[in-house]
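# Coordinates in review
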Amino acid sequence: MSSSPGPTRPLPELHGHGLRLRPWDPESRADVDTWLRGLTDPEFRRWNTPLRPITDADSARESLRRGAQHDADGTGASFRIADARSGTALGHIGVNEIHPVIRRGMIGYWVLPEARGRGVATRALLLTARWALTELALHRLELNHAVGHETSCRVAERCGFRHEGTMRGAIFEAGRHDTFRDAHLHARLAADPEPVLTAAGTV
């Protein structure tokens, strides 16, 4: 029996914590522009190095199309984060490298500069993790970030992703594909207690 996932139904929209998460649309100019802006933001580039360069609308659209293919074949789930009332784009969150047999995935996110400091990453992570650990029936959801990225560390721990250790030379250095740096590994299991979001937007 093959361990590769087969085609799945389209991704749903996720609603909660004042957010609306929907799949990215590679054919939408607005989505392409948002994706390009997010992945070329200096703060994003400080901590993340895309596997393929994304420098203009064409490369951003191709990146979104690759993501949509992963969504379609069940190996990924990529969502545009937006404000539930206004529809304003706030960032991205996605479950990647979904393994259907051992029921494991890896989650990552980024927030646009003007949306930072409002608990967007925390709220989106809580919403998406709950969906992945219930609707996708994942057993384990991993999250990693470059050592030194204290904001991501706090978001992960607030959302129930325990710090499990440091992975040596696990991710690319900023802006390079020939040098590596260490990363913190966090993870949350389906059996772990789910954090509760308070009215103040914290857990």
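Structure shown above.
If you're wondering where the values come from, they're calculated on a predicted model, not measured in any experiment.

## Topic: the state of the cysteines
Under the definition given, this model contains zero disulfides. Cysteine Cys-153 is unpaired, with the sulfur of Cys-159 as its nearest cysteine sulfur at 12 Å.

## A closer look at the pattern of salt bridges
As enumerated under the stated definition, the model contains 14 salt bridges in all. Between Asp-31 and Arg-22 there is a salt bridge whose closest N-O contact spans 2.9 Å. You can call Asp-31 buried: its relative accessible area is 1%. Using a relative accessible area of 17% as the deciding quantity, one classes Arg-22 as buried. The salt bridge involving Glu-62 is made with Arg-65; its shortest N-O contact spans 2.8 Å. Taken together, the positions of Glu-62 and Arg-65, both in helix α3 (residues 57-73) and three residues apart, correspond to about one turn of that helix. The partly exposed category is assigned to Glu-62, whose relative accessible area is 37%. Since its relative accessible area comes to 34%, Arg-65 is described here as partly exposed. When salt bridges with common partners are traced through the structure, they connect Arg-22, Asp-31 and Arg-80 into a single cluster.

## Some points on the packing of helix α1 (residues 29-40) against α3
It is the contact of α1 with α3, at a shortest axis distance of 9 Å, that shows an interaxial angle of 100°. Judged by the inter-axis angle, α1 sits roughly perpendicular to α3. The residues of α3 that touch α1, namely those facing Asp-31, Val-32, Trp-35 and Leu-36, are Ala-57, Ala-60, Arg-61, Ser-63 and Leu-64. When its residues are assigned to classes, the contact of α1 with α3 shows six nonpolar, one polar and two charged.

## Observations regarding the nonpolar core
Most often, soluble globular proteins keep nonpolar side chains buried together rather than apart. Among the nonpolar cores identified, the biggest contains 32 residues, and Ile-93, Leu-125, Leu-141 and Phe-161 are the most heavily contacted of them. Looking at which element gives the most residues to this core, the answer is helix α4 (residues 120-134), with 10 residues. When neighbours within four sequence positions are excluded, Phe-161 is seen to be in contact with Ile-107, Leu-125, Ala-129, Leu-141, Leu-143, Ala-156, His-186, Ala-187 and Arg-188. Listed in part, the 12 residues of the second largest apolar core include Leu-39, Ile-54, Leu-64 and Leu-112.

## Section: helix α5 (residues 150-158)
Side chains that are three or four residues apart share a direction in an α-helix, a result of its 3.6 residues per turn. Among the residues making up α5, those that are buried are Ser-152, Cys-153, Val-155 and Ala-156. Down the axis of α5, the buried set is contained in an arc of 165°. They therefore lie on one face. Close packing links the buried residues of α5 with β5 (104-111), α4, β6 (140-146) and β8 (180-189). At the C-terminal side of α5, Gly-160 shows a positive phi close to 85°.

Definitions and limits used
Residues numbered from 1 in each chain as written. Predicted model: local features only at pLDDT ≥ 70, side-chain atom pairs only at ≥ 80, totals over all residues. Heavy atoms only, no water. Disulfide = S-S within 2.5 Å. Salt bridge = Lys/Arg side-chain N within 4 Å of Asp/Glu carboxyl O. Buried < 20%, exposed > 50% of the residue type's maximum accessible area, 1.4 Å probe, protein only. Helix = DSSP H or I, 4+ residues; strand = E, 2+ residues; numbered from the N terminus. Axes fitted to C-alpha atoms, helices over the stretch in contact; angles between N-to-C directions. Parallel < 35°, antiparallel > 145°, perpendicular 65-115°, else oblique. Contact = heavy atoms within 4.5 Å. Nonpolar A, V, L, I, M, F, W, Y, C, P; charged D, E, K, R; others polar. Core = buried A, V, L, I, M, F, W, Y, C linked by side-chain atoms within 4.5 Å. Arc of directions from axis to C-beta.

So far we have only geometry, and geometry alone does not tell us how the molecule works.
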